[in-house]
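# Residue-level structural notes
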Amino acid sequence: MFAELLQYLLSGLTIGAIYALAGLGFSIIYNASHVINFAQGEFIMIGGMASATLTASGVPLPLAIMIGCGGAMLVGVLVAKFAVERARNASTVTLIIITIGASIFLRGVAELVWGKDFKRLDAFSGETPIQIMGASMQPQSLWVVGTAGVLIVAIGLFFARTLTGKAILATSHNRLAAQLVGIDVKRVVLASFALSAALGAVGGAVVAPITFSYTEMGIMLGLKGFTAAVLGGLGHGPGAVAGGLIVGIAEALGAGYISSAYKDAVAFVIILAVLLFMPNGLFGKRGTERV
Amino acid sequence: MKMLATTDLSPDITAQARRVGPPILKVEHLSREFGGVLAIGDLSFAIAAGDIHSIIGPNGAGKTTLFNLVTGVYKPSGGRVLFDGADVSGMAPYRLAARGMSRTFQNLQIFFNMTALENVMVGRHLHLNTRLLPALFRVPSLVRKDREAKDRAAQLMADVGLGKYVDADAASMPYGALKRLEIARALASEPKLLLLDEPAAGLNATESREIDEVIKTVAASGVTIVLVEHDMKMVMGISHRITALNQGRMLAEGTPQEVAANPDVIAAYLGAAP
Amino acid sequence: MNALLHGRLTGLLALGAVIAVLPAFLPNNFYLDIAILAGFNAVVCVGLNLLIGYAGQISLGHAGFFGIGAYASGVLVGTYGWPPIVALLAGAVFVGLLAFLVAKPILRLKGHYLAMATLGIGIIVSIVLRTESGLTGGPDGMMVEPFKIFGVELYGEKVWYWVVGVLLVGVVWLSLNLIDSPMGRALRAVHGSEVAAEVVGVDTARFKVMVFVLSAVFASVAGSLFAHYAGLITPAKADFFKSIELVTMVVFGGMASTFGAVVGAVVLTLLPQALTIFQDYQQIVLGGILMATMVFMPKGLLPTLAALLPARRRA
């Protein structure tokens, strides 16, 4: 009974950590540019595919992850520069379609480069399950949770301690004022895309041994990441992390106790329920419209 | 900066003997806070039917917040708003509009996705058939009344001096014209009480005088007007009564002469200690 | 009014004329089939455009309503033997009620939160359709009986072409009527400034709900007829990508333009067919075109073209 619950919690935590990373990616870009980047899932896919295919051709794993990460960052910057930046004053719908166009484009390129097959990436430290109080856990889950934890703390420090991080925060609060004090707002947007891409790609690499890599792996992960970001309150970093963990754990519990077929629906049921009562998410600030 | 003391009071209205109507709007102990900061505190006053009643005060005095509370855009934290004798505190703006209250905005709220004429026609909303099925099937009575509404909107535009913009897209109109477009749109709803939030802000002297004339004409037609305006010459010239606010509280109330002579008001405007 | 009336009638006549002569230029049923699919998409997009283009509210879940309509017809006619027209109406009423129930709370949401909520509803619908295989046939979908009314069976591309053509002209007519009415102005006012609409008496929440329900019902009716035409429906017709496709058609063609929505639906239905010559590059080209149009013509195809013409037209 308890072992079963623990089992669900552990698997929920693992997938929740990936949602948290994706959600954080959504939040960072939203803060810098007020864009919801529907291509966020493709960054995850790039990380997963690059590390799987590169290691298969003999590249050492850490290097493969770094290359995947670098590639995703480059793609992120290109998307920001050639699509998002040019449509600066476009409406919300238009921007959403631009990033959806980008994600279709990226999936097309990925299929051309890597093919449609599932790619396998070996677990980082073996596949001997670890037994915890009757529940068993893949060592890779520890990698996922650990890596996500380290990245989340690092992002927190980045925003709190570094000048670039503060510049991004300042831009999100007041773009014009940030510009006036000499912050290069365009570079902030590019930096935020690069940062989100890196988060996604690393997440994709560590989760690949569990989920396999394929060119469509980013679609649901990306949508769940968006759910996490909205659940926490758009633009609220710690909220997105909490949102990701909540979605992941609820999904695992739902799959375990209710119906595994409805696993993917859980996230969306939660978000609808929360938005009914808290239109700005769990931690989002309540705005009063100025007229 | 314009100083009250040097503003000459135009005698045309203030000198006249004036009938005082029953209050159309009463505000009782009204307050509203934003995150612990009191924007309006324990404010009470009444506005007589038929008056042009101005609300003045330095920036941050709470004038626009007061407008938003009275028109239902914000909900009060405490106190009541009585319109035509009924408690309307926190009532949605569209319900207040149906009771005969409309307003304009300090920061323009124009429907930029429509023509100027259509903007004013939206003001006729309450007087038209706005149901779905008649609209979908374009029943003749709806079309006929819509045509009348269109003529009426065009007339209103002419009345506020926008005759040449009837066919223009709202997005292509200059700022001064948009200010008047808001007035025309509000008038189209046939309000009993019209709240104007800085109708002359950003206008040049000629445009200001034109707005001034428009307001007087509207008032003469029996509409009660509440005016927030920084142009003291205009305020002193057309107001029957003035309420002065400072930091969300009542500072003084009376005729233009009384308020202008009030030491607290002068101090608030000059920033000196009372 | 005269000019507007004139513009409305010319547009409608032009659309009718194109639909009337088009079959003469379509060499075989394959092309007729594409035209029919474009027509179904156009019907949904005209409705969706009332919501997105005119009232300014986004929906990333409208394929869900299309799917419910399609499956209502499939299940009620096939499994329970209802007459197709009754099943179609039942589906539309159910979708209308569902849309009404969800609209009130979610249309309070703005921008991205509304996008999230509608996306969630669409995904939940498609997962239900995929999962309840006892009723829906699951991921493989289900066969749908032909549409029969008064003993006449609608069969073949040639017949369906005219059915969809008439439906499209009718829907465009209704949409043009609505836009040029007090309710239509109220919808556009909601888009322009909610608070300004409220202070002249527009109950913004009510109109947002009404247009959401109306656009959902359009989608449901199109879904029902599509199911009978295609004879086979799958949950993919209700999923997230179908919803995105519909929104893209509206925005691509031109928001707040009824004929723009039709053009967008037609072009983007043809595009993948045309892109099959690119084979492996199909997704790249499609994604690239989406990005490029939105970056270079953020107002969409038809309004951008119309702005290039000297004579201004409203539609």
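The written sequence of each chain sets the order in which its residues are numbered from 1. Working convention: letters from A go to chains and numbers from 1 go to ligands, in the order in which they are written. Local features in this predicted model are restricted to residues whose pLDDT is 70 or higher, and side-chain atom pairs enter the listing and the counts only when it is 80 or higher, whereas totals over whole chains, interfaces and linings include all residues.

Time to look at the overall build of chain A. A helix here means a DSSP run of H or I that spans at least four residues, while a strand means a run of E at least two residues long, and both kinds are numbered starting from the N terminus. Along chain A, the regular secondary structure elements total 11 helices and two strands. Counted from the first residue to the last, chain A has its helices and strands arranged as α-α-α-α-β-β-α-α-α-α-α-α-α. It is over C-alpha atoms that the radius of gyration is taken, and the globule rule equals 2.2 Å times the number of residues to the power 0.38. The C-alpha atoms of chain A give 19 Å as radius of gyration, which agrees with the globular expectation for 291 residues (19 Å, within 12%). Along the longest, intermediate and shortest principal axes, the C-alpha atoms of chain A span 55 × 45 × 35 Å. For the exposure call, what matters is how many other C-beta atoms sit within 10 Å of a residue's own: 20 or more marks it buried, 12 or fewer exposed, and in between partly exposed, using C-beta atoms placed from the backbone. Evaluated residue by residue, chain A yields a buried proportion of 54% over its 291 residues.

Attention now moves to the overall build of chain B. From N to C terminus, chain B includes 11 helices and 10 strands. For a compact globule of 274 residues, the expected C-alpha radius of gyration is about 19 Å, and chain B comes in at 19 Å, within 12% of that figure. Along the first, second and third principal axes, the C-alpha atoms of chain B reach 65 × 40 × 35 Å. Throughout, a residue-residue contact means that the two C-beta atoms, derived from backbone geometry, are no farther apart than 7 Å. Considering only intrachain contacts with a sequence separation of at least 6, the fraction spanning at least 24 residues in chain B is 67%.

Before going further, it helps to examine the interface of chain C and chain A. The partner chain A presents 37 residues to the 35 residues of chain C that form the contact. The set of elements that each furnish at least two residues to the side of chain C that touches chain A consists of helix 4 (84–106), helix 5 (111–131), helix 11 (240–253) and helix 13 (282–296) of chain C. Considering every element that reaches the side of chain C that touches chain A, the biggest residue donor is helix 5 of chain C, with 12 residues. Split by residue class, the side of chain C that touches chain A holds 25 nonpolar, eight polar and two charged. Throughout, the ten residues Ala, Val, Leu, Ile, Met, Phe, Trp, Tyr, Cys and Pro are labelled nonpolar, Asp, Glu, Lys and Arg are labelled charged, and all others, Gly among them, are labelled polar.

Once that is clear, we can look at the environment of asparagine 174 of chain A. Structurally, asparagine 174 of chain A can be placed in the loop between helix 6 (163–173) and helix 7 (175–180). Between the alpha carbons of asparagine 174 of chain A and alanine 32 of chain A there is a distance of 9.8 Å; along the sequence they are 142 residues apart.

All names here are of chain C. Lines fitted to C-alpha atoms define the axes, with helix axes restricted to the stretch in contact, and inter-axis angles between N-to-C directions lie between 0 and 180 degrees. Across the interface, helix 12 (residues 258–275) lies against helix 14 (residues 301–308) with an axial gap of 8 Å and an inter-helix angle of 120 degrees. Taken as axis vectors, helix 12 and helix 14 run oblique relative to one another. For the pair helix 12 and helix 14, the contacting residues are Phe259, Gly260, Val263, Gly264 and Val267 in the first and Leu301, Leu302 and Pro303 in the second. Should an angle fall under 35 degrees it is taken as roughly parallel, and over 145 as roughly antiparallel, whereas 65 to 115 is taken as roughly perpendicular and any remaining angle as oblique.

Right, let's get into the domain arrangement of chain B. Residue and element names in this part refer to chain B. As far as domains go, chain B holds domain 1 (1–100 + 192–274) and domain 2 (111–190). Taking only C-alpha atoms, the centre of domain 1 and the centre of domain 2 are 27 Å apart. Contact with domain 1, which involves 12 residues of that partner, is made by 11 residues of domain 2. Listing elements by their share of the side of domain 1 that touches domain 2, those giving two or more residues are helix 3 (93–99), strand 7 (193–197) and helix 8 (205–220). Ranked by the residues each element gives to the side of domain 1 that touches domain 2, the list is headed by helix 8, at five residues. Taken together, the residues that form the side of domain 1 that touches domain 2 break down as nine nonpolar, one polar and two charged. Each domain span listed reflects an automatic or database assignment of domains.

This next bit is on the interface of chain C and chain B. At the interface, 27 residues of chain C touch 38 residues of chain B. Breaking the side of chain C that touches chain B down by element, the ones donating at least two residues are helix 7 (157–179), helix 8 (182–192), helix 9 (194–199) and helix 10 (204–230) of chain C.

The subject of this paragraph is the sheet that holds strand 9 (residues 241–246) of chain B. Residues and elements named next belong to chain B. Strands are treated as partners if at least two bridges between them are detected by DSSP. Pairing in this open sheet of six strands is mixed, and the strands run 6-7-8-3-9-10 from one edge to the other. Each end of this open sheet is capped by a strand with a single partner; those strands are strand 6 (101–103) and strand 10 (249–254). Across this sheet, the average inter-strand angle for adjacent strands is 20 degrees, counted without regard to direction. Sheet topology places strand 6 next to strand 7; three bridges connect them, and they run parallel. Counterpart to methionine 101 in the pairing with strand 7 is leucine 193. Taken strand by strand, helix 2 (residues 63–70) contacts strand 3 (52–56), strand 6, strand 7, strand 8 (224–228) and strand 9, and its axis lies near 150 degrees from that of strand 7.

Our next topic: the UniProt feature "transmembrane region" (unreviewed entry) in chain A. UniProt positions are given in the numbering used here, feature names are shortened, and annotations may be inferred rather than shown by experiment. Within this structure's numbering, the places UniProt gives as "transmembrane region" (unreviewed entry) are residues 6–30, 65–84, 91–110, 142–160, 188–211, 241–259 and 265–283 of chain A. Measuring from the first to the last C-alpha atom of residues 142–160 of chain A gives 27 Å, for a span that is 100% helix and 0% strand.

All right, on to the sheet that holds strand 1 (residues 23–34) of chain B then. In a beta sheet, neighbouring strands are held together by backbone hydrogen bonds and run either parallel or antiparallel to one another. Residue and element names in this part refer to chain B. With antiparallel pairing, four strands are arranged side by side in an open sheet as 2-1-4-5. Two strands in the sheet have a free side with no partner beyond their single neighbour: strand 2 (37–48) and strand 5 (86–87). Bridge analysis of strand 1 against strand 4 (residues 78–83) gives five bridges, and the strand direction is antiparallel. Bridge assignment links glutamate 28 to a residue of strand 4, and that residue is arginine 80. Docked against the sheet, helix 2 engages strand 1, strand 2 and strand 4, running at close to 115 degrees with respect to strand 1.

On to the pairing of strand 4 of chain B. Remark: a regular strand shows side chains that alternate across the two faces of the sheet. All names here are of chain B. Of the pairings in the sheet, the one linking strand 4 to strand 5 comprises two bridges and is antiparallel in character. Residue pairing in the sheet places phenylalanine 83 in a bridge with alanine 86 of strand 5. Adjacent in sequence and paired antiparallel, strand 4 and strand 5 are bridged by two residues, among which aspartate 84 carries a positive phi angle near 55 degrees.

Residues and elements named next belong to chain A. Compared with an ideal rise of 1.5 Å per residue, which puts 27 residues at 39 Å, helix 8 (residues 185–211) spans 37 Å between its outermost C-alpha atoms and is within 8% of the ideal. The largest bend in helix 8 is about 30 degrees, located at alanine 205, with the proline proline 209 one to four residues further on. Along helix 8, 22 of the 27 residues are buried, which leaves the element largely enclosed by surrounding structure. Phi turns positive, to about 70 degrees, at phenylalanine 212, one or two residues after helix 8. For a helix, the expected span equals 1.5 Å multiplied by the number of residues minus one. In this analysis the local bend is the angle between axes fitted, respectively, to the seven residues ending at and the seven residues starting at the residue.

Bringing the environment of leucine 245 of chain B into the picture now. Residue and element names in this part refer to chain B. By the secondary structure assignment, leucine 245 is in strand 9. For the pair leucine 245 and leucine 43, spaced 202 residues apart in sequence, the C-alpha separation works out to 9.2 Å. Excluding residues that lie within four positions of it along the chain, leucine 245 makes contacts with Ile55, Gly57, Ala61, Gly62, Lys63, Met250 and Leu251.

The backbone of aspartate 42 of chain B shows a phi angle near 45 degrees, a positive value even though the residue is not glycine. Within the secondary structure, aspartate 42 of chain B is located in strand 2. A tally of 14 C-beta atoms within 10 Å means that aspartate 42 of chain B is categorised as partly exposed. With phi around 50 degrees, phenylalanine 150 of chain C is a residue other than glycine that occupies positive phi space.

Attention now goes to the packing of helix 2 (residues 40–56) of chain A against helix 3 (residues 61–84) of chain A. The relative placement of two packed helices is expressed as an angle between their axes plus a distance between the axes. Residues and elements named next belong to chain A. Close contact between helix 2 and helix 3 brings their axes to 8 Å; oriented N to C, the two are set at 145 degrees. The two elements helix 2 and helix 3 meet at a crossing, and its hand is right-handed. Of the residues in helix 3, those touching helix 2 at Phe43, Ile46, Gly47, Ala50, Ser51, Leu54 and Thr55 are Leu61, Ala64, Ile65, Ile67, Gly68, Cys69, Gly71, Ala72, Val75 and Gly76. When grouped by side-chain class, the residues that make up the contact of helix 2 with helix 3 number 11 nonpolar, six polar and no charged. In this scheme the handedness of a crossing depends on how the near helix is turned from the far one: anticlockwise by less than a right angle means left-handed, clockwise means right-handed.

Residues and elements named next belong to chain B. Taken across its five residues, strand 7 has five buried, putting it largely inside the fold. Burial along strand 7 is two-sided: Leu193, Leu195 and Asp197 facing one way and Leu194 and Leu196 facing the other are all buried. Note: strand 7 against strand 8, five bridges, orientation parallel. In the strand pairing of strand 8, leucine 193 is matched with threonine 224. By definition, the crossover connecting two strands over a helix is right-handed if that path, from the first strand to the second, turns clockwise as seen with the strands pointing away from the viewer. After leaving strand 7, the chain enters helix 8 and then returns to the sheet as strand 8, a path that is right-handed.

Right, let's talk about the confidence of the model for chain B for a bit. Residues and elements named next belong to chain B. A score from 0 to 100, pLDDT tells how confident the predictor is in each residue. Residue-level pLDDT values for chain B average 89, and 91% of them are 70 or greater. Within chain B, helix 1 (residues 11–14) has the poorest average pLDDT of any element, 45, and helix 4 (residues 116–122) the best, 97. Low confidence marks residues 1–17, where pLDDT is under 50. Its contacts with residues over four positions away, or in another chain, come to 22 contacts. Predicted complex, confidence summary: ipTM 0.87, pTM 0.90.

Position of leucine 290 of chain C among the secondary structure elements: in helix 13. Residues leucine 290 of chain C and serine 59 of chain C, spaced 231 residues apart in sequence, show a C-alpha to C-alpha distance of 18 Å. Here leucine 290 of chain C is in contact with Ile97, Ile100, Gly101 and Ile104 of chain A together with Thr248 of chain C, once residues within four sequence places are set aside.

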